[in-house]
Amino acid sequence: MTRATTAGTPSAGWTPDQPIVRLVDVHKAFGTFEVLKGISFDVRKGEVICIIGPSGSGKSTLIRCVNALVPVTAGTIQVEGITVTDPRLDKLALRRKVGMVFQQYNLFPHKTALQNVMMAPLHVLGQDRREVEARARALLAKVRLAGKEGAYPGELSGGQQQRVAIARSLAMRPDVMLFDEVTAALDPETVKEVLVTIRELAEEGMTCMLVTHEMNFARDVADHIYFTDRGVIVEHGPPATFFASAQDARTRRFLSQVL
Amino acid sequence: MIEAVQAWFQRLYETTGFNFTVFYDPYDWDRYVAGLRMTLLLALSTILASLVIGAVGALVQSGPSRLLRGLVNGFVVVFRNTPPLVQIFFFYFGLGTLLPDVRTADGLRAPILNNVQWAILSLSLFAGAFNVEIFRSGIEAVPKTTIEAAEALGYTRFKAYRHVVLPLALRVCLPALNNNLINLLKTTTLAYAIAVPETLYAVKQIWSESQNVLEMMLVLLVTYAFLVGVLVWIMHRWERALRIPGYGR
Amino acid sequence: MSAPAPSDLPPSGRPGDLPVLLPFALADARPAARLRPAHLWLLCGLAVIALPAWAQGGAAVLSPLEVVIKWAPLLLTGFAFNVAISLMAMAIGTAAGVGLGLAMLAEGRVLPRVAWCVTQVFRNLPWLVLLFFVMFLVPFQVTVFGVRVPLPDWLKATFGFSLPVMANVAEIVRGAVRSVPDTQWEAAESLAFSRRQTMWRIILPQCAKRMLPPWMNVYALIAMATVQASIVGVTEMLTLTAQVHAAEGGRPELFAPLYGFALLCFFLYCYPIDRFTAALERRFETR
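Just so it is clear, the model here is predicted, and its values are computed rather than measured.

Examining the overall build of chain B
- If you tally the helices and strands in chain B, you get nine helices and two strands.
- Here the C-alpha atoms of chain B give a radius of gyration of 23 Å, more than 25% beyond the 18 Å that 2.2 N^0.38 yields for 249 residues.
- Viewed in the frame of its principal axes, chain B has a C-alpha envelope of about 75 × 50 × 35 Å.
- Buried residues in chain B amount to 50% of all 249 residues.
- For chain B, long-range pairs separated by at least 24 residues make up 73% of all intrachain contacts whose partners lie at least 6 apart in sequence.
- Within the structure as shown, chain B displays about 12200 Å² of accessible surface, and the carbon and sulfur contribution to it stands at 65%.
- With 20 positive and 15 negative side-chain charges, chain B shows a separation of 15 Å between the mean positions of the two kinds.

Listed below in structure tokens is the structure:
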């Protein structure tokens with residue numbers, strides 16, 4: 001395995017044919033409560049993986065570990081050769097590579113849709129304003145929100161806000177996108193418009209890690225499905241085999257409840 | 001123009017007995033204007049200083065140092081729960097007399113701070129204590145998840161504060177801040193008690209010399225109604241300018 | 001008032017054993033409990049200022065702490081007077097304020113407008129200015145049906161303080177009544193309650209609870225404002241403090257401990273009110 005020589009900078013050893021995200025025996029405990037009990041898997045570039053499982057099984061924690069919002073207790077996570085679990089991690093370098101979309105959108109309510117998309121490239125990357133604005137407008141058009149540039153988050157529906165949040169993440173030109181139950185807080189009518197946006201992203205070859213309760217969507221869009229329960233991966237596989245012939249009793253019980 | 005106004009008020013006095021000396025006697029007018037100037041100086045300097053105290057205090061309160069947090073808490077609690085007039089006396093008489101004198105350029109001994117400076121200092125601390133609480137509650141009202149989103153976009157802690165937390169916190173606490181600043185403007189009258197020649201002081205001097213209490217009371221009333229009105233108007237303009245469409249309510 | 005001879009004084013500790021350091025050590029050992037050590041700091045601040053002066057004073061001159069202890073009964077009487085004024089002003093102001101608040105909510109065009117104007121004027125003028133108004137414009141006695149009723153200064157000051165209380169209470173009443181949903185009015189109307197009955201039997205009882213914390217807040221403010229009476233010549237705690245200072249020879253080092261004592265009295269009175277108000281607010285919020 002290649003290791004980053006200096007924290008944060010992608011190791012020269014990483015090439016696109018290697019896994020873009022690699023988790024090795026990741027443990028996470030909050031106090032004495034162990035949420036993740038040894039999770040290992042790889043995500044290849046351009047792959048879309050879905051993490052499913054009952055609530056409280058550590059799915060959100062797992063995805064938050066990948067961009068260092070939550071520090072792990074033990075184990076290793078690497079993203080494009082950056083060791084996320086290194087204490088000397090350069091968080092900025094990591095977060096340029098990894099975008100994240102939240103369940104509650106978490107847009108900045110005091111900025112318009114366009115400003116929300118432009119903020120991070122301007123403040124964090126210090127890029128040229130004109131170039132950033134052109135890119136932001138293109139991204140809003142891409143998520144079908146052309147014409148809503150001047151609207152404040154409070155004036156947009158949940159689905160529209162979530163698409164702004166996706167555009168905001170994409171503005172940092174990430175290589176990996178994390179989606180944390182992004183449709184869970186939405187009205188049923190607006191779920192679809194967000195899922196369409198994610199599907200288009202996946203079809204363009206973006207590497208995506210999703211935590212979701214939308215089983216049909218997972219079946220449709222995922223290359224690989226991981227089922228977690230009580231902090232471990234119980235079962236995984238490509239959707240066709242996973243949904244058709246789950247082996248484990250826990251998986252089967254879960255699927256019978258949600259399908 | 002000015003002569004006409006003066007003549008009119010002089011006539012008003014001769015015909016009705018309403019003696020608005022400030023409007024025809026240049027000496028009284030100058031005293032009144034000087035008082036007004038002093039009130040404005042007190043108000044502006046204490047508003048600015050109390051905002052700084054509030055911001056720094058709120059920052060310290062969310063900081064890591066237990067000792068500093070405790071000190072700020074103590075400061076807030078004491079200054080909020082004691083009369084501002086006694087605070088002024090405590091500072092001006094109590095601490096002012098304990099500090100050593102300095103020699104001025106012409107060799108005279110003078111206190112380090114004069115009464116105006118003590119008034120500004122103690123009024124700023126008084127209003128600042130309220131501002132600390134106001135700012136802190138504003139910062140606490142910003143959802144953790146919003147800060148998390150900024151972090152996920154690569155913002156450092158400081159940048160997230162500057163671009164996300166503070167702009168939102170300011171909007172949350174603006175109504176309470178308005179109230180406190182208006183209150184501070186009213187509280188500047190307490191400087192009267194240590195002979196700071198502000199509006200109340202000047203007006204009282206005029207009425208004790210010219211024996212026109214009722215008239216000067218009216219002038220006083222209109223003056224403060226106007227000053228408070230202007231401040232209310234400015235703060236409301238500010239509040240409106242910062243309003244976020246579709247946010248809150 | 002004659003000052004007792006120095007020998008009559010209660011024995012105080014030797015300068016060496018600093019009783020005031022005891023609370024300081026306690027405060028330090030306590031795990032930073034929110035706001036708790038604040039009382040003690042005040043005491044310590046007082047002591048820190050008092051001690052060096054104490055050391056300077058010769059045998060014949062009382063130490064600042066001894067001066068405070070010696071005069072504490074008198075000063076506390078003054079403080080009790082402040083409390084009395086504040087309670088009376090609060091009672092008068094609340095009664096008038098409820099009336100004014102209801103007038104702002106009344107039907108018709110003129111009465112609410114007038115009431116609103118009165119409220120704004122008394123709410124926005126500095127309290128000290130209002131106090132001057134009452135002191136200088138209200139006569140020292142009034143004649144009611146041929147009977148001369150004297151109006152002593154302290155009573156006028158009480159009226160002076162009740163004016164801002166009135167305006168603030170009026171705002172509280174108006175805000176609280178406005179916050180009751182309209183459906184309550186509709187429900188009462190459909191039960192054939194008159195407007196007055198609805199207000200007194202249905203609306204006001206509902207918002208009484210909501211009015212309590214801001215009302216207590218106004219009380220704390222007025223209690224602290226009563227010291228302003230000394231500016232217009234009413235004898236209360238601050239006036240007595242200045243007199244005590246003069247009686248002790250006007251030594252400059254006595255200012256801080258004497259005014260510090262006044263601060264302490266008001267703090268010990270107002271801080272519990274403040275805490276209680278905050279606790280009530282929190283309890284009503286969670287409902």
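Describing the overall build of chain A
- The helix and strand tally for chain A stands at nine helices and ten strands.
- Relative to the globule expectation of 18 Å for 259 residues, the C-alpha radius of gyration of chain A, 18 Å, shows essentially globular dimensions.
- Its C-alpha atoms give chain A principal-axis dimensions of about 50 × 45 × 35 Å.
- Within chain A, contacts between residues separated by at least 24 positions form 64% of all contacts whose residues are at least 6 apart in sequence.

Concerning the environment of B:R109
All names here are of chain B.
- Residue position: R109 is located in strand β2 (residues 109–110).
- Exposure remark for R109: the relative accessible area of 56% places this residue in the exposed category.
- The spatial distance from the C-alpha of R109 to the C-alpha of P197 is 22 Å, given a sequence separation of 88 residues.
- Ignoring any residue separated from it by four or fewer positions in sequence, one finds R109 in contact with D101, V102 and R103.

Observations regarding the interface of chain B and chain A
- Facing 20 residues of chain B, the contacting portion of chain A comprises 23 residues.
- Buried area between chain B and chain A, summed over both chains or domains, comes out near 1900 Å², and the portion from carbon and sulfur atoms is 65%.
- Here chain B is connected to chain A by one salt bridge.
- Residues A:R64 and B:E148 are paired through a salt bridge, measuring 2.7 Å at the closest nitrogen-oxygen approach.

What to know about the sheet that holds strand β4 (residues 74–79) of chain A
Residues and elements named next belong to chain A.
- Pairing is antiparallel across the open sheet formed by four strands, whose spatial order is β2-β1-β4-β5. Of all the strands in the sheet, the pair left with one neighbour each is β2 (33–43) and β5 (82–83).
- Both β4 and β5 contribute to a ladder of two bridges, which runs antiparallel. Looking at the pairing, Q78 lines up with T83 of β5.

Looking at the interface of chain B and chain C
- Opposite the 41 residues of chain B that make contact, chain C presents 38 residues.
- Roughly 3600 Å² is buried in total at the junction of chain B and chain C, and carbon and sulfur atoms are behind 81% of that figure.
- At the boundary of chain B with chain C, the tally comes to one salt bridge.
- Close ionic contact of B:R80 with C:D274 constitutes a salt bridge, the shortest N to O distance being 3.3 Å.
- The tally of links between chain B and chain C comes to three residue pairs in polar contact (both at pLDDT 80 or more).
- Listing elements by their share of the side of chain B that touches chain C, those giving two or more residues are α3 (66–80), α4 (84–98), α5 (115–141), α7 (157–187), α8 (199–210) and α9 (213–242) of chain B.
- Of the residues forming the side of chain B that touches chain C, the biggest block, ten residues, is contributed by α4(B).

A look at the environment of A:Y105
Residues and elements named next belong to chain A.
- Within the element layout of this structure, Y105 appears in the loop between β6 (98–101) and α3 (113–123).
- Using a relative accessible area of 13% as the deciding quantity, one classes Y105 as buried.
- Ignoring sequence-local partners within four residues, the contact set of Y105 consists of G158, Q161, Q162, A165, R168, A185 and L186.

Quick word on the pattern of salt bridges
Residue and element names in this part refer to chain C.
- Applying the stated criterion across every chain yields a total of 23 salt bridges over all chains.
- A salt bridge links E248 to K70, with the shortest nitrogen-to-oxygen separation between them at 2.5 Å. Taken together, the residues span a long stretch of sequence, with E248 in the loop between α9 (237–247) and α10 (255–286) and K70 in helix α3 (residues 64–105) at a distance of 178 residues.
- Under the relative-accessibility criterion, E248 is labelled buried at 13%.
- Residues E171 and R174 are paired through a salt bridge, measuring 3.4 Å at the closest nitrogen-oxygen approach. One end of the pair, E171, and the other, R174, are both in helix α6 (residues 153–178), three residues apart, so they sit about a helical turn from each other.

Quick notes on the arrangement of the chains
- Ranked by contact count, the leading pair among the two pairs of chains in contact consists of chains B and C.
- In this structure chain A stays clear of chain C, and the shortest span between their C-alpha atoms is 22 Å.

Examining the pairing of strand β10 (residues 232–237) of chain A
Residues and elements named next belong to chain A.
- Both strand β9 (residues 224–229) and β10 contribute to a ladder of five bridges, which runs antiparallel. Along β10, the bridge assignment pairs Y226 with H236.
- Between β9 and β10, which pair antiparallel and follow one another directly, the connecting turn spans two residues, one of which, R230, has a positive phi of 50 degrees.

A word on the packing of aromatic side chains
Residue and element names in this part refer to chain A.
- On inspection of all chains with the given rule, the structure shows 32 aromatic pairs over all chains.
- With a centroid separation of 5.1 Å and an interplanar angle of 45 degrees, the aromatic rings of F227 and F254 are classed as tilted. In this pair, F227 is assigned in strand β9 and F254 in helix α9 (residues 249–258), connecting sequence segments 27 residues apart. As far as the burial class goes, F227 and F254 line up, both buried.
- Between F242 and F243, the aromatic rings sit 5.4 Å apart at their centres with planes inclined by 90 degrees, giving edge-to-face as the arrangement.

So, the side chain of B:N212
All names here are of chain B.
- Looking at the secondary structure, you find N212 in the loop between α8 and α9.
- A relative accessible area of 1% places N212 in the buried class.
- Beyond its immediate stretch of four places on either side in the chain, N212 contacts N19, T21, I206 and W207.

Concerning the sheet that holds β9(A)
All names here are of chain A.
- Reading across the sheet, the six strands line up as β6-β7-β8-β3-β9-β10 and stay open at both edges, with mixed pairing between neighbours. Edge strands, defined here as strands with exactly one partner in the open sheet, are β6 and β10. On average, adjacent strands in this sheet sit at an angle of 20 degrees to one another, irrespective of strand direction.
- Helix α5 (residues 158–170) rests against β6 and β7 (176–180) of the sheet, and its axis sits at about 170 degrees to β6.

Considering a nonpolar patch on the surface
- Residues B:F18, B:L214, C:F136 and C:L137 make up a contiguous nonpolar surface patch of about 340 Å² in total accessible area.
- Checked against the element boundaries, B:L214 lands in helix α9.
- Given a relative accessible area of 43%, B:L214 falls into the partly exposed group.

Looking at the packing of helix α6 (residues 144–152) of chain B against α7(B)
Residue and element names in this part refer to chain B.
- Direction vectors running N to C along α6 and α7 enclose 160 degrees, while the axes themselves pass 10 Å from each other. It follows that α6 is roughly antiparallel to α7 by the angle criterion. Here the hand of the crossing between α6 and α7 comes out right-handed. Every residue of α7 that contacts α6 at T146, I147 and A150 is listed here: A160, V164, V165 and L168.
- For the contact of α6 with α7, the per-class residue count stands at six nonpolar, one polar and no charged.

Cut-offs applied
Residues numbered from 1 in each chain as written. Chains lettered and ligands numbered in written order. Predicted model: local features only at pLDDT ≥ 70, side-chain atom pairs only at ≥ 80, totals over all residues. Heavy atoms only, no water. Helix = DSSP H or I, 4+ residues; strand = E, 2+ residues; numbered from the N terminus. Rg over C-alpha atoms; globule rule 2.2 N^0.38 Å. Buried < 20%, exposed > 50% of the residue type's maximum accessible area, 1.4 Å probe, protein only. Contact = heavy atoms within 4.5 Å. Areas by Shrake-Rupley, 256 points an atom, 1.4 Å probe, with all protein chains shown as cover. Lys, Arg positive; Asp, Glu negative; His and termini not counted. Charge placed at Lys NZ, Arg CZ, Asp CG, Glu CD. Buried area = accessible area lost by both parts, 1.4 Å probe. Salt bridge = Lys/Arg side-chain N within 4 Å of Asp/Glu carboxyl O. Pairing = 2+ DSSP bridges. Polar contact = N/O pair within 3.5 Å; in protein donor to acceptor, adjacent residues only side chain to side chain. Phe/Tyr/Trp six-rings, centres within 6.5 Å; stacked < 30°, edge-to-face > 60°. Axes fitted to C-alpha atoms, helices over the stretch in contact; angles between N-to-C directions. Patch = residues over 30% accessible without salt bridge, like charges linked within 9 Å, V, L, I, M, F, W, Y side chains within 5 Å. Parallel < 35°, antiparallel > 145°, perpendicular 65-115°, else oblique. Left-handed = near helix turned anticlockwise from the far one by under 90°. Nonpolar A, V, L, I, M, F, W, Y, C, P; charged D, E, K, R; others polar.

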